[in-house]
Amino acid sequence: MTKINTNTEISTFVMNEFGTNCYIYKDEQTNNIIIIDPAGDMNQIIDLIRQRELNIVSVVITHGHYDHIKGLPGLVKLLPDINVVIHEDEIPLIFNDEENLSILFSDNLSKQLETLSINWMRVKDNDEFFCGTKKIRVVHTPGHTTGSICLYIKEKGFLFTGDTLFCGSVGRTDFPTGDIDLLEESIKKIFLLPMNTFFFPGHGGWCILEKEIKHNPFVRL
Ligand SMILES: [Zn+2]
Ligand SMILES: [Zn+2]
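Along every chain, residues carry numbers that run from 1 in the direction the sequence is written. Labels follow written order: the first chain is A, the first ligand is 1, and so on. The predicted origin of the model limits local features to residues at a pLDDT of at least 70 and limits the giving and counting of side-chain atom pairs to 80 or more, whereas totals for whole chains, interfaces and linings rest on all residues.

### Some remarks on the overall build of the chain
- Strands are runs of DSSP state E lasting at least 2 residues, helices are runs of H or I lasting at least 4, and numbering of each runs from the N terminus. On a plain count of helices and strands, the chain comes out with seven helices and 15 strands.
- Radius of gyration (C-alpha) of the chain: 16 Å, near the 17 Å computed for a compact globule of 221 residues.
- Taking the principal axes of the C-alpha coordinates as reference, the chain spans close to 45 × 40 × 30 Å.
- Neighbour counting defines burial: a residue surrounded by 20 or more other C-beta atoms within 10 Å of its own C-beta is buried, one with 12 or fewer is exposed, and intermediate counts give partly exposed, using backbone-placed C-beta atoms. Classification of the 221 residues of the chain by burial places 44% in the buried group.
- A sequence separation of at least 24 residues applies to 58% of the contacts in the chain between residues at least 6 apart. Our radius of gyration is a C-alpha quantity, and the globule rule it is checked against amounts to 2.2 Å times the number of residues to the power 0.38. Placing C-beta atoms from the backbone, we regard two residues as in contact once those atoms come within 7 Å.

Written as structure tokens, this is what we have:
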């Protein structure tokens, strides 16, 4: 696990064999945090959070693919009361090992999740919740999977994009529930946000939306 310090509010942990980013977003005024995509063993991260006396508001799942939720069962065992924010359309995929792709890695994520009692917080497009003083808006961006979401923190100009938009690329649509037309619509929706928005993808480094709008080779609007 590699930790990259993006700034004081966002910590990035690069996890698992796919190099999936697990983000911690911290509201500096309150020390409240959200965890975005528990992509691997969360023990060390939870230790760090406890040492720094940060308060976890919730864990958010950008989408249900194995590489993004591999650490969810372990996390819920560590913190049984934690709220798990997920788009309502993504729940069936989470509980289907062919759709969440865990079957490809000889794992059975759905079985592990079924044995746990999880506080799901089902969300849909435009729903809002708070991390301390910061309002976080759910942007439903289907296409990579049916219930993929981005998280927009308007006050900061931050957007977490999961596997929908990367720096210089977009998400694959050849996995179960993927849809290229929907992905295109979702990218268009993202590009309506302010050009100076910083976005943080599920893999690779962060970028500025303006650069993607001008240069992303997969997007011709
Ligand atoms: Zn994915
Ligand atoms: Zn991924």
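### Some points on the nonpolar core
- The term nonpolar core refers to a group of buried residues, namely Ala, Val, Leu, Ile, Met, Phe, Trp, Tyr and Cys, whose C-beta atoms join them within 7 Å. Counting residues in each nonpolar core, the largest one holds 54 residues, and the members touching the most others are Y23, Y25, I34, I36, C150 and L151.
- With five residues, strand β10 (residues 149–153) is the largest single contributor of residues to this core.
- Apart from the residues lying within four places of it in its own chain, the contact partners of Y25 are E9, I10, I33, I34, I36 and C131.

### Some details on the sheet that holds strand β14 (residues 198–201)
- For two strands to count as paired, DSSP must find a minimum of two bridges between them. Spatially, the six strands line up as an open sheet ordered β8-β9-β10-β11-β14-β15, and their pairing is mixed. Since the sheet does not close on itself, it has two edges, and those belong to β8 (128–131) and β15 (207–208), each with one partner.
- For strand β9 (residues 134–140) and β10, the ladder comprises four bridges, and the chain directions are antiparallel. Directly across from V138, in β10, lies its bridge partner L151.

### Re the pairing of strand β2 (residues 10–15)
- As judged from the six bridges shared by β2 and strand β3 (residues 20–27), these two strands associate in the antiparallel manner. Residue pairing for β3: V14 is matched across the bridge by N21.

### A few points about the environment of P201
- Mapped onto the elements, P201 comes out in strand β14.
- Overall, the presence of 25 C-beta atoms within 10 Å leaves P201 in the buried class.
- C-alpha of P201 to C-alpha of G143: the two residues are 58 residues apart in sequence and 15 Å apart in space.
- Not counting the four nearest positions on each side in its chain, P201 is found in contact with N21, T161, L165, F166 and C167.

### Side note on helix α6 (residues 180–190)
- Along α6, the residues that are buried comprise L183, S186, I187 and I190. Down the axis of α6, the buried side of the element spans an arc of 100°, and every buried residue falls inside it. Facing away from the buried side of α6 by more than 90 degrees, the exposed set consists of D181 and K188.
- Of the surrounding elements, those touching the buried residues of α6 are β10, β12 (165–166) and β13 (169–170). Arc, as used here, means the arc of the directions from the helix axis to the C-beta atoms.

### Description of unusual backbone geometry
- Positive phi outside glycine occurs at N126, with the angle close to 75°.
- Relative to the elements of secondary structure, N126 occurs in the loop between β7 (119–123) and β8.
- The phi dihedral of T177 is positive, around 70°, even though this residue is not glycine.
- Take T177: it is sitting in the loop between β13 and α6.
- Of the residues examined, T177 has 21 C-beta atoms within 10 Å and is grouped as buried.

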